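# Tertiary structure, described
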Amino acid sequence: MILDLEQQLGTPLFFRERGALRPTPAGEVYLQGCREVLAIDRSVKREISDLSGGLRGKITLAVTSLTEEFLLPHILGAFDAAYPNVQLDLMEERMQNMSGLVRDGKADLALVRTQGEPELSYTLVMENPVYLQVPPAYAAAHPEFRPGIQNPAIPPEVLHGQPVILLKKGRGLREGADRLFLQYSITPSTVLETDNLHVAHGLTQLNKGFTFVPSFAVRDFFHDDASSFYCPLKGYSFVRPLYCCYARHRYLTKAEHFLIQLISDASAGESRPSDTSG
């Protein structure tokens, strides 16, 4: 079949190397066209299903472990109530693999940090500012600090020579912290590394150092306790936007539109934990 197609097109589509096939430039064009045709076919079928009600089916949503833990519990109940016969499957992956899962058709939607791939479309669902969590000992030395997020911004240079707790390399939050340190020539006195944001939060409460906490995690961490102090960085925008991406030719079903809106609505209130400064 491939040989017939190559003869018809007048050009080889694959390099044949020791029994393996590797697409030629013409093959890449052909495969991309096939992917787009299949995507359009699936999209048309989804649109027809929506015309008949669209209350059944399955959505595969790719997320990181951090997003899955702190954001999704706030939306799953509402989604199940609105679409009880639509199965929502969660696919946990590293951020760098998200776009590929959607591009290859393994996930319908994915929550990603960046946009720009021409084969995908993007909807902004969250701005997600990042707070600096300061140790209680630091807050005690600054009477203006109160538990919660309503604290004055502090200069990034404060972190120079201080202990910090960071997620391990390869995590997006760590990359943001490393960029901050490079820009301001910050050298911490010590760096404790962990894979778990809960651990970083707890160590900061125990005065082991400063850490960074995304706003959607702050609301879960802060429960009117007296040892959690968060503040923005003065003169530095530490924001990690979150986009929902999907195939460019993809028809979004009513259930998918509803899911994206749920994520956006949940995110709108994510930086407003209770504050005890009153």
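To be clear, the structure that these remarks concern was listed above.
In this report, we go over the structure that sits alongside the text. All values reported here derive from a predicted model rather than from experimental measurement. Residue indices follow the written sequence of each chain, beginning from 1 at its first position. Owing to the predicted nature of the model, reporting of local features is limited to residues with pLDDT of at least 70; listing and counting of side-chain atom pairs is limited to 80 or more, with chain, interface and lining totals taken over all residues. To obtain the side-chain values, all non-hydrogen atoms of the structure were used and water was disregarded.

As a further point, take the overall build of the protein chain. Counting from the N terminus, the helices are DSSP H or I runs at least four residues long and the strands are E runs at least two residues long. Helix and strand counts for the protein chain stand at 10 helices and 12 strands. The C-alpha atoms of the protein chain give 23 Å as radius of gyration, which overshoots the globular expectation for 278 residues (19 Å, by more than 25%). Taking the principal axes of its C-alpha atoms as reference, the protein chain extends roughly 80 × 45 × 30 Å. Note on classification: 1.4 Å probe, protein chains only; a residue is buried when its accessible area is under 20% of the maximum for its type, exposed when over 50%, partly exposed between these limits. Burial statistics for the protein chain: of 278 residues in total, 43% are counted as buried. Using C-alpha atoms as the atom set, the radius of gyration is obtained and then compared with a globule rule of 2.2 Å times the number of residues to the power 0.38.

Quick look at unusual backbone geometry now. Of note, the phi angle at Asn-128 is positive, near 60°, even though the residue is not glycine. Its location among the elements puts Asn-128 in the loop between strand E6 (120–126) and strand E7 (130–134). For Asn-128, a relative accessible area of 0% gives the class buried. Notably, Asn-207 is not glycine yet its phi reads approximately 65°, a positive angle. Here Asn-207 lies in the loop between helix H8 (197–205) and strand E10 (211–214).

Time to look at the sheet that holds E10. Note on sheets: strands pair through backbone hydrogen bonds, and any given pair is parallel or antiparallel. Spatial ordering of the open sheet is given by E10-E7-E11, a layout of three strands whose pairing is antiparallel. The sheet is open, and its two borders are formed by E10 and strand E11 (229–231), each paired with just one other strand. Sheet twist, expressed as the average angle between the axes of neighbouring strands with direction ignored, equals 40°. Across the sheet, helix H7 (residues 172–183) touches E7 and E10, and the angle it forms with E10 is around 130°. Between any two strands, pairing holds if DSSP finds at least two bridges. Only the stretch in contact is used when fitting a helix axis, every axis being a line fitted to C-alpha atoms; angles between N-to-C directions are given from 0 to 180 degrees. The criterion used for residue contact is that any of the two residues' heavy atoms lie within 4.5 Å.

With that settled, consider the sheet that holds E6. Ordered by their spatial adjacency, five strands build an open sheet running E4-E3-E5-E12-E6, and the pairing between neighbours is mixed. The sheet is open, and its two edges are formed by strand E4 (86–92) and E6, each paired on a single side. In this sheet, neighbouring strand axes are inclined to one another by 25° on average, regardless of whether the strands run parallel or antiparallel. Pairing of strand E3 (residues 57–63) with E4, which is carried by seven bridges, proceeds in the parallel orientation. Within E4, the residue paired with Ala-62 across the bridge is Met-91.

With that out of the way, let us pick up the pairing of strand E2 (residues 20–23). As paired elements, strand E1 (residues 14–17) and E2 share four bridges and run antiparallel to each other. Along E2, the bridge assignment pairs Glu-17 with Ala-20. Here E1 folds back onto E2 in antiparallel fashion, the turn holding two residues, of which Arg-18 has a positive phi close to 50°.

On to the side chain of Ser-228. When you line up the elements, Ser-228 lands in the loop between helix H9 (215–221) and E11. Ser-228 sits in the buried class, given a relative accessible area of 0%. One polar contact links Ser-228 to Gln-205, side chain to side chain, over a distance of 3.0 Å. Residues adjacent in sequence count toward polar contacts only when both atoms are side-chain atoms; beyond that, a polar contact is any pair of N or O atoms within 3.5 Å, and within protein one must be able to donate a hydrogen and the other to accept it.

The next point concerns the pattern of salt bridges. The salt bridge criterion pairs a side-chain nitrogen of Lys or Arg with a carboxyl oxygen of Asp or Glu, the two atoms within 4 Å. Scanning all chains against the criterion turns up 10 salt bridges. Put simply, Glu-117 and Arg-103 hold a salt bridge, and the shortest N to O gap is 2.5 Å. With Glu-117 in the loop between strand E5 (109–112) and E6 and Arg-103 in helix H5 (residues 98–103), this pair connects stretches of sequence that are 14 residues apart. Of the residues examined, Arg-103 reaches a relative accessible area of 31% and is grouped as partly exposed. Through salt bridges with shared partners, a single network forms among Lys-169, Arg-174, Asp-178 and Glu-193.

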